[in-house]
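# Coordinate inspection notes
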Amino acid sequence: MVKTTGILDKSLSRGKGEINLSTFAVLFSEMVLYAQNRSETVTDIHDRIASYGKQVGLRMFDIIVLREKGYKRETKLLGMLMFIKSTVWKNLFGKEADKLERSNDDHCTYLLIEKDPLVNTYISVPRDKGVLNCAAFAAGIVEAILESASFKCKVTAHWHNGTAYVIQFDESVIARENALLDSNR
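What comes next is a walk through the structure. Computed from a predicted model, the values in this text were never measured in an experiment.

Thresholds applied
Residues numbered from 1 in each chain as written. Predicted model: local features only at pLDDT ≥ 70, side-chain atom pairs only at ≥ 80, totals over all residues. Heavy atoms only, no water. Salt bridge = Lys/Arg side-chain N within 4 Å of Asp/Glu carboxyl O. Helix = DSSP H or I, 4+ residues; strand = E, 2+ residues; numbered from the N terminus. Phe/Tyr/Trp six-rings, centres within 6.5 Å; stacked < 30°, edge-to-face > 60°. Buried < 20%, exposed > 50% of the residue type's maximum accessible area, 1.4 Å probe, protein only. Lys NZ or Arg CZ within 6 Å of the ring centre and 35° of its normal.

### Brief notes about the pattern of salt bridges
Per the stated rule, a full pass over the model turns up eight salt bridges. Between arginine 73 and aspartate 62 there is a salt bridge, with the nearest N and O atoms lying 2.5 Å from each other. Note that arginine 73 is positioned in the loop between helix H2 (42-69) and helix H3 (77-93) and aspartate 62 in helix H2, a separation of 11 residues in sequence. With a shortest N-O distance of 3.6 Å, glutamate 96 and lysine 90 are connected by a salt bridge. In this structure, a network of salt bridges that share partners links the residues Lys54, Glu143 and Lys154.

Here you go:
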């Protein structure tokens, strides 16, 4: 008698981290089309796509932390941003994000820069929706992960040398981070 293993019998620490790229492209393009058909403006499309990304981010955060860090979460802001730039991006897109920068103008704003986001590769944007950036999906993922880790923020995707994910943290997060740094001195 052959014993079959179900999905609940498999370990969470092991998993196949690869999917077929053409499958992803078809599913993602259909998701964008679905959002486009139910939206009036480009901003509405961005918001819908970001909300889909938030659903993915909420589910992925715990599994990535479990697999990669043994369920030890980052408590410092810079450590969490580096975790997203490297570990999360590798798990989701197969490579690290290109850059992480802090804004010179605003101490609450960070930029995660990706020159060629995978989510924009297979989407052709109609002329009337020329500013549409499907990287709003990844922005939603980042926002959900940061919010799940108690870093209240708003993340948006903008065209700038590829795509810049603008991460605008709440003042309370920056105050908490400064208090943590002062207590460690």
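### Observations regarding the packing of aromatic side chains
In total, this model carries five aromatic pairs according to the counting rule given. For the pair phenylalanine 24 and phenylalanine 28, a centre-to-centre distance of 5.6 Å together with 15° between the ring planes defines the contact as stacked. Taken as a pair, phenylalanine 24 and phenylalanine 28 lie in helix H1 (residues 21-37) at a separation of four residues, close to a single helical turn. Phenylalanine 28 carries the same exposure label as phenylalanine 24, and that label is buried. Consider the rings of phenylalanine 28 and phenylalanine 137, whose centres lie 5.3 Å apart with planes at 65°: the pair is edge-to-face. A residue pair is termed long-range when its members are at least 10 positions apart, and phenylalanine 28 in helix H1 and phenylalanine 137 in helix H5 (residues 136-148) qualify at 109 residues. Accessibility assignment for this pair places phenylalanine 28 and phenylalanine 137 in one class, buried. Lying over the aromatic face of phenylalanine 151, arginine 176 brings its terminal NZ or CZ to 5.0 Å of the ring centre.

Without other data, these values stay purely geometric and don't point to any function.
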